[in-house]
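If you want the building blocks of each chain, they are given just below.
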Amino acid sequence: MKQFNTVAVEGSQFGDEGKGKITDYLASHADVVCRYQGGNNAGHSVEINGVKHALRSLPSGIYNSNVTNVIANGVVVNPFALLDELDENINSGLKTYHLLISNRAHLIMPYHIDLDGAYEEALGSNKIGTTKRGIGPCYADKAKRIGIRAGDLLDKDYLYKRLEGALAVDNKELVAFGKKPYEIQPLYEKLLKASERLIPFITDTSVYLNDMIDAGKKVVFEGAQGSLLDLDHGTYPFVTSSSPTSISIPLNAGIAPMKIHKVLAIMKAYMTRVGSGPMPTEQVNDWGNAIREKGHEYGVVTHRPRRVGYLDLVLLGYTMRITGVTDIACMLFDVLMDVKDLKVCVAYNLDGKEIHYVPSSEPEYARCTPVYKDFKTIPHFDTKKIHCFEDLPKEAKDYLGFVSTYLNAPISILSLGPDRSETVNFKEIF
Ligand code: IMO
Ligand code: MG
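Predicted, not measured: the structure shown is a model, and the values here were computed from it.

**Points about the side chain of Thr235**
Looking at the element boundaries, Thr235 is found in the loop between β10 (219–222) and α8 (249–253). For Thr235, a relative accessible area of 6% gives the class buried. A polar contact is formed between the side chain of Thr235 and the side chain of Arg273, at a distance of 3.0 Å. Look past the residues within four positions of Thr235 in its chain and what remains in contact with it is Phe14, Leu228, Arg273, Pro278 and Tyr365.

Now the structure itself:
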């Protein structure tokens, strides 16, 4: 069978694993980078020559002038936020970039953001802790068939008709929540204004992606969020409204499943989570606080402090099973240097029974307590001197070796700092 030059970069935990850094790293050898789901709830950091860039909707290949960056049909795009993000980047030095937006991508409208806030308010103590970017309501409108798609911007009359339909439903909901309904004309005009800049990017990205893959070009699919935030496979209801797992790429990008050659799981060396929901290995104590400061574990989008915990191999094993991971990139490994009381979770105890899976029921998962394996403290080492696995101190090799064996996948990339240059490649990805 023909071998395709494609790799999926997938968050294997609760998001914020470092997908942006690895996507940017792989982009330097790639032709195309494609975001396939989520929206500007993502916060992907890329650091180049000491300068930090935070990306939300733009694919993380945007700083590579030879790369075409695709926003595929499965992404939800806030047209106004996207233009602001582009301008921010242009103002801070982005010159040559190539961007394509799927004509089938759904648009996040201001009323989606209002509804996101209204749902969270109504849920009260049951709230999800969303990023309040309108992600859930936009995907809901897609399923309700009242969504507005990027391609609708190309036909002014049709756009008006679509907006009329959406407002007929969503305004009623806003009023029911005591929020202000939207008048069609100002919103329509605002959209037309934004469309002047957006139309040149809009195309059938499925055709483009298939042409590129068939021509043997190197394509990186950049996931947002993480597998445990997946609408189907995550810790429902504390999830996002799309499928971050790489198994959603065919649907979300319009390519055949066999065209995904490798799945690179991005794994933080410990766990973090933002928002509500179960997290068995969470450490609300000095250990967790120290890691939060050392790893700068604060949200890129919402600046919320992230919840911190020990690496959870049960949860990662679950990701491996669902998504067919071929390689692992271990991120923020430098944060573990000199950390006392190092351990990883190897099983859960659920009501007195040892289990090795993630329960589907939220109350059951919340009752799971971790079973740990202890590791020796990894001594401080000079990250610049690490070029291969053997260069690492024994304690680091023990930790990574155990993880790789448990998960039955090679650790192909090790990240030892935020910059592009602080990345060690143990095994070629492309
Ligand atoms: P990246 O791509 C971490 C979380 C939110 C909330 C839940 C639902 O940077 O890894 P949403 O606004 O999507 O409806 O919120 O999902 N969440 C993320 N957590 N990283 C992200 O993206 C996230 N995007 C959403 O905190 O718990
Ligand atoms: Mg994030």
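More follows now that the structure is in view.
**Re empty space enclosed by the protein**
By the definition in use, this model includes one cavity of 30 Å³ or more. One number sums up the size of the largest cavity: a volume of about 30 Å³. Lining the largest cavity, in full, are Gly234, Thr235, Tyr236, Pro278, Pro359, Ser360, Ser361, Glu362 and Tyr365. In terms of residue class, the lining of the largest cavity is made up of four nonpolar, four polar and one charged.

**A short note on the pattern of salt bridges**
Following the criterion strictly, the structure yields 19 salt bridges and no others. A salt bridge links Glu282 to Arg307; the shortest N-O distance between them is 3.0 Å. Of this pair, Glu282 sits in the loop between β12 (271–273) and α9 (286–294) while Arg307 sits in strand β13 (residues 307–309), placing them 25 residues apart in sequence. Of the charged contacts, one joins Lys397 and Glu390 as a salt bridge, the two residues approaching to 3.2 Å between their closest N and O atoms. Bridged by salt links that share partners, the residues Asp16, Lys268, Glu297 and Arg306 form one connected network.

About the thresholds
- Residues numbered from 1 in each chain as written.
- Chains lettered and ligands numbered in written order.
- Predicted model: local features only at pLDDT ≥ 70, side-chain atom pairs only at ≥ 80, totals over all residues.
- Heavy atoms only, no water.
- Helix = DSSP H or I, 4+ residues; strand = E, 2+ residues; numbered from the N terminus.
- Buried < 20%, exposed > 50% of the residue type's maximum accessible area, 1.4 Å probe, protein only.
- Polar contact = N/O pair within 3.5 Å; in protein donor to acceptor, adjacent residues only side chain to side chain.
- Contact = heavy atoms within 4.5 Å.
- 1 Å grid on protein atoms, 1.4 Å probe; cavity = no way out; pocket = protein on both sides within 12 Å on 5 of 7 lines; lining within 4 Å.
- Points joined across faces, edges and corners; volume = space filled by probe spheres on them.
- Nonpolar A, V, L, I, M, F, W, Y, C, P; charged D, E, K, R; others polar.
- Salt bridge = Lys/Arg side-chain N within 4 Å of Asp/Glu carboxyl O.

By themselves these figures say nothing about function.
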